[in-house]
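Reading the structure
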Amino acid sequence: MTRQLLASAAAVALLAAMGADRAIAQTAGGSSTETPAPAAPPAAGTADTATPTPSEKLPEVQVIQQQPKPKPKPVQRASKPPAPTAAPITAPSAAPTEMAEPVESNVVKMSPVGGTIPVEKVPGSVYQMNSSDIQRDGSVMLQESLQTQVPGLILDDLQGNQFQTSIQFRGFEASPVNGVPQGLAVYQNGVRINEAFGDIVNWDFLPSNAVNNVAVVVGNPVFGLNALGGAVVVDMKDGFNYQGWDVDTRFGSFGRKQVSTEAGYRSGNWAAYGAFEAINDDGFRDFSDAEVRRGYFDLGVKGDNAEFHFNFTGADNNVGVTAAAPEQLLDISRSLTFSSPQTSENTMQMYSVNGKVRATDTLTFSGVTYYRHFNQKHLDGNLFDDPENCGGNLCSGGDTILNAANGSPIPFTDNVYGSIDQTSQNADGEGITLQAEEKAKLFGHTNQFIVGVSYDHGRVAYTAKSELGFFQPKFVVDGQGIIMTGSDDFSPRSLTTTNDYFGAFFTDTFDITKELALTVGGRYNFARIQIENTGDPDNDILNGVNKYNRFNPAAGLTYKFGPGLNWYGGYSEANRAPTAAEIACSDPQNPCLIESFLTADPPLKQVVSRTWETGLRGTINNWTGSQWDWGVGLFRTANSDDIFNATSSQVGRGFFQNVGETLRQGVEANISYRSQRLFAYANYTYTDATFNTNAIFPSPNNPRDGTVDCEGEGGDDLKCFAVHPGDRLPGVPAHTFKAGFDYWLTKKWKFGTDLVAASDQIFFGDEANLNRPLAGYAKVNLHTSYDVTDHVQIYGLFENLLDKNYALYGTYFSVDDANDLTPATGVTFNEDNPRTVVPALPFAAYGGVKVKF
């Protein structure tokens, strides 16, 4: 993997060398503007920077990323921002360079592999960000950029590391953590990148400097499984839409050191692009260091009627995931952690080929095929549940004697026991999507019809085992090299899971009049999930096959009253099949480590969402050259048979269950302003996320007494709580507000800031809403840059400027079990406070230099 990433870095250097002379020549031939630069961060390169010679000029062929084609222009200097991508209801973009020629309408994909229509014809919410939007605040994690400007999207952090955060949109998650219900489908260049085992999304695999466009799309079942709350569609750069090169170096708080580089080159019908990022960060908490290496490469060719791209994405990341810690411990120091080690080693390689062929003036065929390999090794230091001395041997769970891997009993000692749970997954996936797009008029009216099929196959080798350890100071578990056996709680597990997903979809957008458009569509999903016990062939109790299928329809209307006012309304359905991880851990009588499997389990039902949306949006261009974008909308999504993780009385264990219906409904509003010197935005979302049926949740560490009998929920020693319609879902803030601006003080000096605020949220484990919630927060980030020359820029970034002390995730822990560790840790906890939280990053400052041509 390291060799492949080094090869990617070498390719970037080669492209930079190839393009340097050309870029310098283009810059020398350009002229600088004397008007003040608008509030947008200068891009390293620009779309179609080189003006083609007559022999190079090609017919207008829509690229596979489906982005609107900007006008050819010279490579931009540091003081020149990129062209606008403003569109109604999209996330606010940076201010355009030429306000006299604003983009009249943006476009959005109607399927993973293309087929675009204007946003004004989409009968649902669409929020888009281009590469300049993503880079304007200096974030190196894509999800952090999305949080600032996409209404209703907020970050949460179960892992305790900024490189492993999750995005939550309207109460639906796309998370790198196994066990989190994944309610968003995520695509990269048309490939669904929800991993095969738990549908998780590893955001840290995406080089932020290589992202060309991101769209958050709601109400379109064509995007397949997991699109309950919508889809996040990521398109990467290529050599046709980016030429030039840049190198960005940065240093700062908590040992941050990073270098990012990208280069794009085009020669006639061929083009190449490469990007690479290397990041080292010590983290602000103990054992929270991160080492990130990721790269992307694209080779493309296009002719009169066809375009093809080969691309590679690779990552090799090691991250310390310090997770939640008791509030009492964090009161001593925010840097302290609770039970270490907790680390994740992730590697990934993905190869894909996508293409588009225009068969006639109205008919286009497109598709993508891919291979993806993902490997993860996770260590998790945990408490040992009730160790006992059984005649000089170590016992767990009464009189069950634990053995070492060689079968000999483990001697009992006076040490404070812990365990290091080790899980791994080795996943291979491949798939293909094919579609046809017909734009011939229907009954004399403009019409776009898309039909397609997809197939995805995944195979995962999964292992889980527990190493005996002894607790040391700072709650560190010192592993003894002994893998425990002899108990269902600790015996090693080895499974192979196989996923087969098939989809067939269509969508049609018909212009009833020039102002009124009708969209109808749907997708049939079939999922087959097989689990095989490969660790003990004689024990076939885990073996099984689960099948799920459903057709999800969608329909909606849009009406354009004028450029400044557009109405939309629609209805859609989507579904999510339970993952192998959830299916194999759904028996409350036999809970398991979040990622290990112990027994055969009752089947889970698939989750189905039903969404209604309506709203208004528009773009207003003033005679002064400034531009306003605005939108306001209502949404309502009801999930049936929603899947939740429930906690067991056994430390570190739980199970998954269907809980009936949940509801996420609310209102969103956003506005942005762009002029030659100022870009400003604000957005607000109210999300009423609640249970909509009665349910029972076990919560052994909840400080309140249980309210209902726990029969059938995992044991007599549990505390269980009755959940009623109207109780808030845990982890979802009801109110979020974001605002920010960029202002060009001079044509070379830019200053900007971003505010993100969220209201309180319910603790996980308090589904009955009986306790004090996790407090809300408001944080301010600041960024500024100065163009020293046309090719050199210096900048500064400040996160959590006011050094606010807040948390992003909350749950409960066992005070009694933690106090059993006192002889080793020297810490005694007050029984009145079992709250445990993940603290957010404190004040941090970074500075850097960017060189670009």
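Residues numbered from 1 in each chain as written. Predicted model: local features only at pLDDT ≥ 70, side-chain atom pairs only at ≥ 80, totals over all residues. Heavy atoms only, no water.

Some words on the overall build of the chain
Each helix and strand in the chain was counted, giving seven helices and 44 strands. With 853 residues in all, the chain has 62% of them scored as buried. Long-range pairs, those at least 24 residues apart, make up 69% of the contacts in the chain between residues at least 6 apart in sequence. Here the chain has roughly 29,500 Å² of accessible surface; of this, 57% comes from carbon and sulfur atoms. (Helix = DSSP H or I, 4+ residues; strand = E, 2+ residues; numbered from the N terminus. Buried < 20%, exposed > 50% of the residue type's maximum accessible area, 1.4 Å probe, protein only. Contact = heavy atoms within 4.5 Å. Areas by Shrake-Rupley, 256 points an atom, 1.4 Å probe, with all protein chains shown as cover.)

What about the pattern of salt bridges?
Side-chain pairs of opposite charge can arise where the charged atoms are in close proximity. Counting across every chain of the model gives 22 salt bridges. Salt-bridge contacts for Arg-610 lead to Glu-573; the nearest nitrogen and oxygen are separated by 3.9 Å. Pair noted here: Arg-610 is in strand β30 (residues 607-621) and Glu-573 is in strand β28 (residues 565-576), with a separation of 37 residues, a long-range link. Residue Glu-573 is classed as buried on the basis of its relative accessible area of 11%. Each of Arg-136, Asp-742, Lys-750 and Asp-754 takes part in salt bridges that share partners, so that together they form one network. (Salt bridge = Lys/Arg side-chain N within 4 Å of Asp/Glu carboxyl O.)

Section: the sheet that holds strand β42 (residues 807-812)
In spatial order, the strands read β16-β43-β42; together these three strands make up an open sheet with antiparallel pairing. Every interior strand has two partners, whereas the edge strands, β16 (325-326) and β42, have only one. (Pairing = 2+ DSSP bridges.)

Description of the pairing of strand β27 (residues 544-562)
Judged from the 16 bridges that link them, strand β26 (residues 516-533) and β27 form a sheet pairing that is antiparallel. Bridging across to β27, Gly-522 finds its partner in Pro-553. Pairing of β27 with β28 involves eight bridges; the strand directions are antiparallel. Bridge pairing in β28 places Ala-554 opposite Ser-572.

Details of the state of the cysteines
A complete count under the given rule lists two disulfides for this structure. Bridging Cys-390 to Cys-395, the disulfide has an S-S length of 2.0 Å. Just as Cys-390 is buried, Cys-395 falls in that class too. Residue pairing for Cys-710: its cysteine sulfur links by disulfide to Cys-720, the two sulfurs lying 2.1 Å apart. Taking the sign of the S-S torsion, about 125 degrees here, the bridge from Cys-710 to Cys-720 comes out right-handed. Note that Cys-710 is positioned in the loop between β36 (695-698) and β37 (720-723) and Cys-720 in strand β37, a separation of ten residues in sequence. Like Cys-720, Cys-710 is buried. (Disulfide = S-S within 2.5 Å.)

Concerning a negative patch on the surface
On the surface, Asp-386, Glu-388, Asp-399, Asp-816, Asp-820, Glu-831 and Asp-832 cluster together to form a negatively charged patch. Counting through the fold element by element, Asp-386 comes out in the loop between β18 (363-383) and β19 (387-390). Looking at Asp-386, the relative accessible area reads 44%, which means it is partly exposed. (Patch = residues over 30% accessible without salt bridge, like charges linked within 9 Å, V, L, I, M, F, W, Y side chains within 5 Å. Lys, Arg positive; Asp, Glu negative; His and termini not counted. Charge placed at Lys NZ, Arg CZ, Asp CG, Glu CD.)

Regarding helix α3 (residues 142-149)
Summarising burial for α3: eight of the eight residues are buried, a large majority. Buried within α3 we find Leu-142, Gln-143, Glu-144, Ser-145, Leu-146, Gln-147, Thr-148 and Gln-149.

Structural notes on the sheet that holds strand β7 (residues 185-188)
Strands sit in the order β3-β9-β10-β7-β8 across an open sheet of five strands; the sheet is mixed. Of all strands in the sheet, those with a lone pairing partner are β3 (126-130) and β8 (191-192), marking the two edges. One ladder, built from six bridges, connects strand β9 (residues 211-217) with strand β10 (residues 231-236); its direction is antiparallel. Looking at β10, one finds that Asn-213 is bridged to Asp-235.

Focus on the nonpolar core
Grouped together as the largest cluster of nonpolar side chains are 70 residues, with contacts concentrated most on Leu-142, Val-150, Ile-167, Phe-169, Trp-203, Val-214 and Val-232. If near-sequence neighbours (up to four positions away) are discounted, Trp-203 is found in contact with Met-141, Leu-142, Gln-143, Thr-165, Ile-167, Ala-174, Val-186, Val-232 and Arg-294. Counting residues in hydrophobic clusters, the runner-up holds 23 residues, among them Phe-763, Val-815, Ala-824 and Phe-829. (Core = buried A, V, L, I, M, F, W, Y, C linked by side-chain atoms within 4.5 Å.)

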